[in-house]
Amino acid sequence: MTASPDLGTTQSASPDLLRSVFRQHAAGVAVITAQGENPVGFTATSLNSVAAEPPLISFGVGASSSSWPVIARAGHIGVHILGEHQQELAATFARSGADRFAPPTAWRTGPEGVPLLDGVLAWLVCRIIDRVPAGDHRIVIAEAVVGDPAGAGRPLLYHQGRFNTLRH
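Residues numbered from 1 in each chain as written. Predicted model: local features only at pLDDT ≥ 70, side-chain atom pairs only at ≥ 80, totals over all residues. Heavy atoms only, no water.

**A word on unusual backbone geometry**
Now for step 1: Omega for the bond connecting Glu53 with Pro54 falls within 30 degrees of zero, at -5 degrees, which places this linkage in the cis form.
Now for step 2: In this model, Pro103 is joined to Pro104 through a cis peptide bond whose omega is 15 degrees.
Now for step 3: With respect to the helices and strands, the residue Pro104 is situated in the loop between helix 3 (87-94) and strand 9 (107-109).
Now for step 4: Look at Glu112: it is not a glycine, yet its phi comes out positive at around 60 degrees.
Now for step 5: Looking at the secondary structure, you find Glu112 in the loop between strand 9 and strand 10 (115-117).
Now for step 6: Overall, Glu112 belongs to the exposed group, its relative accessible area being 54%. (Helix = DSSP H or I, 4+ residues; strand = E, 2+ residues; numbered from the N terminus. Buried < 20%, exposed > 50% of the residue type's maximum accessible area, 1.4 Å probe, protein only.)

Spelled out as C-alpha cells, the structure:
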C-alpha cells in the first residue's frame with residue numbers, strides 16, 4: 001500500500017478492493033426473472049441501460065448462481081425495478097436457497113411466459129440477444145419487447161451492503 005496526499009491509501013487490485021469500492025456506489029435495485037422448469041429470479045444491482053435504439057439493457061449474473069442455468073437457455077427475461085417498499089422482496093431474491101416465488105411473493109405469468117412481480121415501480125420483458133463471459137459472471141444483453149413504467153413510489157437503492165431509500 002502506498003500513501004498519497006491526494007489519493008489517500010491505494011491498494012492493489014483484488015476482489016476485496018472491488019467490493020469495497022462498489023460499496024460506495026449507490027445502485028438501483030432490480031429483480032431479474034426467467035421461466036425454466038420452475039421460475040427463477042435474483043436481485044441485481046448491475047442493471048444498465050445500454051442503448052435507446054434498439055432499446056437494450058444489460059446485467060451481470062454469477063455463472064455459479066442457481067438462476068444461471070435457466071438464464072443461459074431462456075429466450076426472454078423479466079426486469080423489475082423495485083420500490084423502497086420492497087426491501088423484503090429484494091432480500092428474498094438475494095437469499096441463496098430461498099423459495100423466491102412462494103408467498104408472500106406476488107407474481108403472475110406475463111408476456112413470453114416470463115414471471116412478472118406485482119407492485120414494482122416498472123418492469124420490462126426483454127429478449128436475450130447475447131451472453132458474454134466476464135470472469136466468474138456472464139453479462140446478459142437483452143432487447144426490451146414490452147413493459148410498464150407506471151408503478152407508484154420511490155426507488156429502492158443498494159449502498160454500503162444494505163438496501164436504502166432516498167432521503168426526502
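Additional details are given in the paragraphs that follow.
**Quick look at the side chain of Gln86**
Now for step 1: Examined against the element boundaries, Gln86 turns out to sit in the loop between strand 8 (76-81) and helix 3.
Now for step 2: On the basis of relative accessibility, which here comes to 6%, the residue Gln86 falls in the buried class.
Now for step 3: Among the polar contacts listed, one links the side chain of Gln86 to the backbone oxygen of Gly119, at a separation of 3.2 Å.
Now for step 4: For Gln86, the residues in contact, after removing those within four places along its chain, are Ile81, Asp118, Gly119, Val120 and Leu156. (Polar contact = N/O pair within 3.5 Å; in protein donor to acceptor, adjacent residues only side chain to side chain. Contact = heavy atoms within 4.5 Å.)

**Details of the pairing of strand 11 (residues 122-134)**
Now for step 1: When strand 8 meets strand 11, the two strands line up antiparallel, connected through 6 bridges. Note that in strand 11 the partner of Ile81 across the bridge is Ala122.
Now for step 2: In terms of strand pairing, strand 11 meets strand 12 (residues 137-148) through 11 bridges, oriented antiparallel. Looking at the pairing, Pro133 lines up with Arg138 of strand 12.
Now for step 3: Adjacent in sequence and paired antiparallel, strand 11 and strand 12 are bridged by 2 residues, among which Gly135 carries a positive phi angle near 60 degrees. (Pairing = 2+ DSSP bridges.)

**Things to note about the environment of Tyr158**
Now for step 1: You can see Tyr158 is positioned in strand 13 (residues 156-159).
Now for step 2: C-alpha separation for the pair Tyr158 and Arg23, spaced 135 residues apart in sequence, amounts to 8.4 Å.
Now for step 3: Within the structure, Tyr158 has its side chain in polar contact with the backbone oxygen of Gly161 (distance 3.5 Å).

**Some details on a nonpolar patch on the surface**
Now for step 1: The grouping of Leu18, Val21 and Phe22 at the surface amounts to a nonpolar patch, some 310 Å² of accessible area in total.
Now for step 2: Since its relative accessible area comes to 47%, Val21 is described here as partly exposed. (Patch = residues over 30% accessible without salt bridge, like charges linked within 9 Å, V, L, I, M, F, W, Y side chains within 5 Å. Areas by Shrake-Rupley, 256 points an atom, 1.4 Å probe, with all protein chains shown as cover. Salt bridge = Lys/Arg side-chain N within 4 Å of Asp/Glu carboxyl O.)

**Some words on the pairing of strand 14 (residues 162-165)**
Look at any regular strand and the pattern is simple: side chains alternate between the two faces of the sheet.
Now for step 1: In this sheet, strand 14 lies alongside strand 13 in antiparallel orientation, the contact comprising 4 bridges. From the neighbouring strand, Leu156 faces strand 14, where its bridge partner is Thr165.
Now for step 2: In this antiparallel pair of consecutive strands, strand 13 and strand 14, the connection spans 2 residues, and Gln160 shows a positive phi of 55 degrees.

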